[in-house]
Amino acid sequence: MPYSGLITLEQFIVDQQSLYKDAGGSLSKIFRSLELAAKMVNRDVRKAGLVDILGNQGSTNVQGEEQKKLDVIANDIFIQALSRSGEVSVVLSEENDDAYFVPGAENEKYVVAIDPLDGSSNIDVNASIGTIFSIYRRPNPQRDASTEDCLQKGKHQVAAGYFIYGSSTMLVYTTGVGVNGFTLDDNIQEFCLSHPNIEIPEDGKIYSVNEGNLASFPEPYQQYLAYCKEKDKATFRPYSARYIGSLIADFHRNLLKGGVFLYPPTQSAPKGKLRLMYECNPMAFLVEQAGGAAHTGEERILQVAPSELHQRVPVIMGSKNMVQKVLEFVEQSSLTTANL
Ligand code: AHG
Ligand code: MN
Ligand code: MN
């Protein structure tokens with residue numbers, strides 16, 4: 001059988017170094033830390049049913065969400081690994097109330113935001129989960145790190161990506177020069193290039209949304225979802241509904257196959273549920289780099305000026321033409337309202 005795993009992540013990063021504007025190799029040190037942490041979390045996820053790490057931790061995070069044991073384990077592992085990289089001043093995590101300033105690293109160059117375990121409601125049922133990361137350069141490393149370094153627009157990310165602990169374990173990332181995917185070869189414990197230069201199809205036939213919330217979506221979203229179900233051969237409708245409830249898994253499928261992912265505002269979550277710094281920005285950077293689009297309904301996600309760490313924004317992202325179509329519904333309705 002031909003074996004494609006000849007380029008390891010490490011080799012790939014060395015080869016691409018000149019494109020990263022990262023002459024000192026700082027970014028590659030951060031990647032090494034992320035890679036190590038992901039292998040450790042992957043090891044824990046793979047044996048989750050056998051040891052006592054399934055279920056709830058008995059605590060809630062700053063957003064009032066119940067923490068799973070694996071949320072806490074993954075958070076500790078990633079924060080420790082990033083702290084030891086020697087390059088990171090601040091780690092922001094969905095699971096921590098405040099920014100974590102790495103002791104003794106006040107003047108390092110980078111800030112990293114993480115969703116240590118995304119899709120935690122799927123842990124106990126053995127569906128795909130993952131880790132999302134987003135890397136920013138500090139505007140002024142001579143000054144001691146401060147909260148100001150943390151609230152940067154997504155367009156300033158220097159790298160972003162995710163590890164998906166699925167039927168195989170993968171890393172998909174961008175440094176602003178396209179998107180590449182690596183699959184973990186379990187035997188040699190190396191991430192090997194398996195999906196070079198990923199491009200999301202411009203059109204797709206999949207829509208991904210928690211349709212249980214339909215009644216509380218704003219009307220344009222309801223109208224778009226009705227449109228998805230209409231019959232029309234030319235546009236391949238009705239589309240297929242696919243929704244796992246792990247952003248990473250839903251995003252990964254749509255990235256490879258084409259599709260649109262929506263998390264609209266709802267009555268109970270008027271800004272949507274997904275978090276700008278840990279979920280939306282990294283995914284938006286990836287999808288744009290793959291030729292797709294990511295929008296809040298009002299502006300490009302990467303243009304949103306964050307006002308707080310745990311801020312949420314509504315999300316429309318995926319294949320370019322599908323996102324455009326959703327926006328036609330949303331914009332049409334705001335025009336109508338403006339004319340009232
Ligand atoms: P997390 O597990 O990191 O809290 O994220 C869960 C998120 C995301 O992964 C997913 O897309 C979304 O929650 C699902 O939300 P609903 O259950 O409301 O559909
Ligand atoms: Mn998440
Ligand atoms: Mn999470």
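About the cut-offs
- Residues numbered from 1 in each chain as written.
- Chains lettered and ligands numbered in written order.
- Predicted model: local features only at pLDDT ≥ 70, side-chain atom pairs only at ≥ 80, totals over all residues.
- Heavy atoms only, no water.
- Core = buried A, V, L, I, M, F, W, Y, C linked by side-chain atoms within 4.5 Å.
- Buried < 20%, exposed > 50% of the residue type's maximum accessible area, 1.4 Å probe, protein only.
- Helix = DSSP H or I, 4+ residues; strand = E, 2+ residues; numbered from the N terminus.
- Donors = N, O, S within 2.8 Å, 3.2 Å for Na, K, Ca; no water.
- Pairing = 2+ DSSP bridges.

**Observations concerning the nonpolar core**
And then number 1: Grouped together as the largest cluster of nonpolar side chains are 42 residues, with contacts concentrated most on I30, F78, F133, I135, F163, Y165 and Y173.
And then number 2: Broken down by element, the residue count for this core peaks at 8 residues, all from helix α2 (residues 26-46).
And then number 3: Residues I132, I164, F285 and I301 belong to the second largest nonpolar core, which totals 32 residues.

**A short note on the coordination of the manganese ion (ligand 3)**
And then number 1: Every protein donor of the manganese ion (ligand 3) is listed here as E94 (OE), D115 (OD) and L117 (O), and their distances to the metal cover 2.2 to 2.3 Å.
And then number 2: Read from N- to C-terminus, the donor residues coordinating the manganese ion (ligand 3) fall into the pattern E-x20-D-x1-L.
And then number 3: Separating the manganese ion (ligand 3) from the manganese ion (ligand 2) is a gap of 3.7 Å, which D115 spans by donating to each of them. Within this pair, whereas E94 is found in the loop between β3 (88-93) and β4 (100-101), its partner L117 is found in strand β5 (residues 110-118), the two being separated by 23 residues in sequence. We note that E94, like L117, is buried.

**Description of the pairing of strand β9 (residues 179-185)**
Across a regular strand the side chains alternate sides, sitting on one face of the sheet and then on the other.
And then number 1: Burial runs high along β9: 6 of the 7 residues are buried.
And then number 2: Relative to β9, strand β8 (residues 169-174) is paired through 5 bridges, and the arrangement is antiparallel. Within the sheet, the bridge partner assigned to V172 lies in β9 and is G181.
And then number 3: Joining the antiparallel neighbours β8 and β9 is a turn of 4 residues, in which G176 adopts a positive phi near 95°.
And then number 4: Hairpin remark: β9 followed by strand β10 (residues 190-195), antiparallel, with 4 residues in the connecting loop; positive phi at Q189, about 50°.

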